[in-house]
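Survey of secondary and tertiary structure
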Amino acid sequence: MTAVSPASLNRIVGAVLALAVAFTLGFVVRSQFPGERESAAVLEAAAVEVLREAAEQRQSAAVGVALAAGTQQSMMLPESNRPVKVHDVAPQYPDLAREARIQGVVILKTLIDDEGNVADIEVLKSLPMGLSEAAVDAVRQWKFKPATVDGTPVPANHNVTVNFKLG
């Protein structure tokens, strides 16, 4: 089996989408001849259906390539298939940050493994005085219902926001 890189897959899927759009537009133009006219609603529904099917095929192919390659890349999963937090731990507000009255948001990119554990964390937006570290320490203890593809748990990236606000 030949491995397909995500970049190659994106080019292939882009070409398929371009063909789908061209086909749809050609259908619209041809239907303007007398005797072949269809309502705008029917044409719009057909175009939407073609694009929806192409998007679903693209997602399925990308997930298949990522799983076959054993990679843990970020996948665009439907809302119902994404990781869901089932247990969290509140971060400890560092005394130094509290005294300095530092407030804000820390944004973390996490990798949730197929068992719902936080396997990796990358800080996307940090705060000073130990707040980012406190956020990372807390999120490492969180537990998730893992992401699924066709009902099978899979690793997936998931962004997490931790708010620090003084009472």
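Up top is the structure these notes are about.
Everything in this summary refers to the structure shown in the same document. (Residues numbered from 1 in each chain as written. Predicted model: local features only at pLDDT ≥ 70, side-chain atom pairs only at ≥ 80, totals over all residues. Heavy atoms only, no water.)

Within the element layout of this structure, V149 appears in strand β5 (residues 147–149). Using a relative accessible area of 16% as the deciding quantity, one classes V149 as buried. Sequence-wise, V149 and N81 are 68 residues apart; in three dimensions their C-alpha atoms are separated by 6.9 Å. (Helix = DSSP H or I, 4+ residues; strand = E, 2+ residues; numbered from the N terminus. Buried < 20%, exposed > 50% of the residue type's maximum accessible area, 1.4 Å probe, protein only.)

This part is about the nonpolar core. Grouped together as the largest cluster of nonpolar side chains are 21 residues, with contacts concentrated most on L108, V118, L131, V139, W142, V162 and F164. Listed by contribution, the elements that provide at least two residues to this core are β2 (104–112), β3 (118–125), α4 (131–139) and β7 (156–164). Not counting the four nearest positions on each side in its chain, F164 is found in contact with P91, Y93, Q103, G104, V106, L127, L131, A134 and A135. (Core = buried A, V, L, I, M, F, W, Y, C linked by side-chain atoms within 4.5 Å. Contact = heavy atoms within 4.5 Å.)

Attention shifts here to the sheet that holds β2. Ordered by their spatial adjacency, three strands build an open sheet running β3-β2-β7, and the pairing between neighbours is antiparallel. Strands at the two margins of the open sheet, each flanked by one partner only, are β3 and β7. Neighbour-to-neighbour, the strand axes of the sheet open up by a mean angle of 30°, direction not taken into account. Sheet topology places β2 next to β7; nine bridges connect them, and they run antiparallel. Within the sheet, the bridge partner assigned to G104 lies in β7 and is F164. α4 contacts β2, β3 and β7 of the sheet and is inclined by roughly 35° relative to β2. (Pairing = 2+ DSSP bridges. Axes fitted to C-alpha atoms, helices over the stretch in contact; angles between N-to-C directions.)

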